[in-house]
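Chains, contacts and geometry: an overview
Next come the chains, spelled out residue by residue.
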Amino acid sequence: MIKAILVSFNNVVVKDDRVQQHLIEQLLIEENLRPDAAEYRPDCLGRSERACLTTLLQRRGRFVTADYLNQLLRKKAKAYQAWLNTLDKPPLYPGFEDLLFRIKASPYKLALVAGSQAAEVQAVLTKANLTDAFTVIVTDDDVGQSGGKPAPDGYQAAIAQLNAQAPTLALNPQDCVAIEDTFVGIEAAKAAGIPVIGVAHTYPYHMIQRCATWAVDYLTEIDFEWIEQRHGVTVRIAADSE
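Residues numbered from 1 in each chain as written. Predicted model: local features only at pLDDT ≥ 70, side-chain atom pairs only at ≥ 80, totals over all residues. Heavy atoms only, no water.

1. Looking at the environment of Phe-224
For Phe-224, the location among the structural elements is in helix H11 (residues 224-230). Residues Phe-224 and Val-177, 47 residues apart in the sequence, show an inter-C-alpha distance of 9.6 Å. (Helix = DSSP H or I, 4+ residues; strand = E, 2+ residues; numbered from the N terminus.)

2. Focus: helix H6 (residues 118-127)
Residues of H6 that are buried: Glu-120, Val-121, Ala-123, Val-124 and Leu-125. Its buried side turned inward, H6 meets helix H1 (17-30), helix H3 (49-59), helix H4 (66-85), strand E2 (109-113) and strand E3 (136-138). Looking one or two places after H6, you find Asn-129, whose phi comes out positive at around 60°. (Buried < 20%, exposed > 50% of the residue type's maximum accessible area, 1.4 Å probe, protein only. Contact = heavy atoms within 4.5 Å.)

3. Regarding helix H5 (residues 96-104)
Listing the buried residues of H5 in full gives Phe-96, Leu-99, Leu-100 and Ile-103. When H5 is viewed along its axis, its buried side chains cluster within an angular range of 100° and face the same direction. Seen from the open side of H5, the exposed residues pointing more than 90 degrees away from its buried face are Glu-97 and Phe-101. Against the buried residues of H5 lie strand E1 (4-7), E2, strand E4 (176-180) and H11. (Arc of directions from axis to C-beta.)

This is the structure:
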């Protein structure tokens, strides 16, 4: 039986991949370092901002201390907020509001497991009036650099917090379903023992299908009743195929 849905943030809740890449590259430029667009997908997609920046900076010969990294992350968060301020509303991913409505109408608990900083996550949720949408929110700030995806720490923390809020829930990883859009995120959820719905927002369906438990092209295709019937069975098939 499914008890909880755990969703990723970037490119599942909010469509912000281009601005994220731009802001990371802008940070490098401001540090007198040359960005390389080809690095972003392998080094940053799905990974925490701390891990992404650390990799890019160390490759360019920078010694990355905690204070230095935190300073850059604060600067990026301010730039992200400035971007949000130019918008009437944040670019929620198509289908997310429908997904949220269906989850809220179900008995499932809903948790957010993000690789972004808490400041960025809260800025989006506040602007979208979604601050009360999630029972639990876990961000990059909660797990630290070594605990970011593909490590399972974020998902494990979400389960622990859900159990702390409702001890009678007795939530185990097998009682959850994660929704992820990257290979790194899928790896993190699976490392925590959680089956994963891979959504083809960032990578093509045929690639997501190879590593997720189930795969869909769009959030609107997720059929929780279908998943419930097959929960615990290892399959790699689109949820709308039957």
